[in-house]
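# Working through the structure, step by step
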Amino acid sequence: MAPLTTNNETRAQIRRYFYAEHWKIGTIASELGVHPDTVRNAIESERSKALSRCGPPSLTPYIEYIRITLEQHPGLRATRIYQMVRGRGYSGSIVQLRRTGGPLASAKA
């Protein structure tokens, strides 16, 4: 593998290893010969860009339904709730549901 000569190339390689190949931060740092903080910074800068591009969460219309469902059935897993809201028209990802559902589940406790 040719050495990475520019910062942009290094960042692109870090993001590819992390997001596409699912490598751990330490593994990426060792492979590229960079500090783990460099890897974290490249990943976090990409995450913050993604968050700033996001509009309002598409899960918003379903939050009350999820809250009521969790109150009635606290043992339901996120995958089952995901199937239920998909049936009601939710088109987002299960990751978004988990981010929202976790705080909803802990708020009722």
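Now for a quick tour of the structure. It should be emphasised that the depicted structure is a prediction, and the values quoted were computed from it without experimental measurement. (Residues numbered from 1 in each chain as written. Predicted model: local features only at pLDDT ≥ 70, side-chain atom pairs only at ≥ 80, totals over all residues. Heavy atoms only, no water.)

The next thing to look at is the pattern of salt bridges. For the structure on display, the rule yields three salt bridges. R16 is paired through a salt bridge with E21; the nearest N and O atoms lie 3.1 Å apart. We note a salt bridge from R40 to D37, for which the minimum N-O separation is 2.8 Å. With a gap of three residues between them, R40 and D37 both fall in helix 3 (residues 36-53), about one helical turn apart. (Salt bridge = Lys/Arg side-chain N within 4 Å of Asp/Glu carboxyl O. Helix = DSSP H or I, 4+ residues; strand = E, 2+ residues; numbered from the N terminus.)

Glancing now at the packing of helix 1 (residues 7-20) against helix 2 (residues 25-32). Across the interface, helix 1 lies against helix 2 with an axial gap of 10 Å and an inter-helix angle of 140 degrees. On the basis of their axis angle, the class for helix 1 and helix 2 is oblique. Handedness of the crossing formed by helix 1 with helix 2: right-handed. Between helix 1, through T10, Q13, I14, Y17 and F18, and helix 2, the contact on the second element is made entirely by I25, I28, E31 and L32. Residue composition of the contact of helix 1 with helix 2, grouped by class: six nonpolar, two polar and one charged. (Axes fitted to C-alpha atoms, helices over the stretch in contact; angles between N-to-C directions. Parallel < 35°, antiparallel > 145°, perpendicular 65-115°, else oblique. Left-handed = near helix turned anticlockwise from the far one by under 90°. Contact = heavy atoms within 4.5 Å. Nonpolar A, V, L, I, M, F, W, Y, C, P; charged D, E, K, R; others polar.)

Below, the discussion takes up the packing of aromatic side chains. Tallied over the entire structure, the rule returns four aromatic pairs. Between Y17 and W23, the ring centres sit 3.9 Å apart and the planes meet at 5 degrees, which makes this aromatic pair stacked. According to the relative accessible area criterion, Y17 is buried, its value standing at 5%. Centroid distance F18 to Y19: 5.1 Å. Interplanar angle 90 degrees. Geometry classified as edge-to-face. (Phe/Tyr/Trp six-rings, centres within 6.5 Å; stacked < 30°, edge-to-face > 60°. Buried < 20%, exposed > 50% of the residue type's maximum accessible area, 1.4 Å probe, protein only.)

For helix 4 (residues 63-72), the set of buried residues is I66, T69 and L70. The arc enclosing the buried residues of helix 4, seen along the axis, measures out at 95 degrees, which places them on a common side. Among the exposed residues of helix 4, those pointing more than 90 degrees away from its buried face are E71 and Q72. (Arc of directions from axis to C-beta.)

Among all positions in helix 2, only I28, A29 and L32 are buried. The arc enclosing the buried residues of helix 2, seen along the axis, measures out at 100 degrees, which places them on a common side. Looking one or two places after helix 2, you find G33, whose phi comes out positive at around 70 degrees.

Okay, unusual backbone geometry next. Located in the positive-phi region is H22, a residue other than glycine, with phi close to 60 degrees. As for its position among the elements, H22 is in the loop between helix 1 and helix 2.

Relative to the helices and strands, S45 is located in helix 3. When its relative accessible area of 24% is taken as the criterion, S45 is described as partly exposed.

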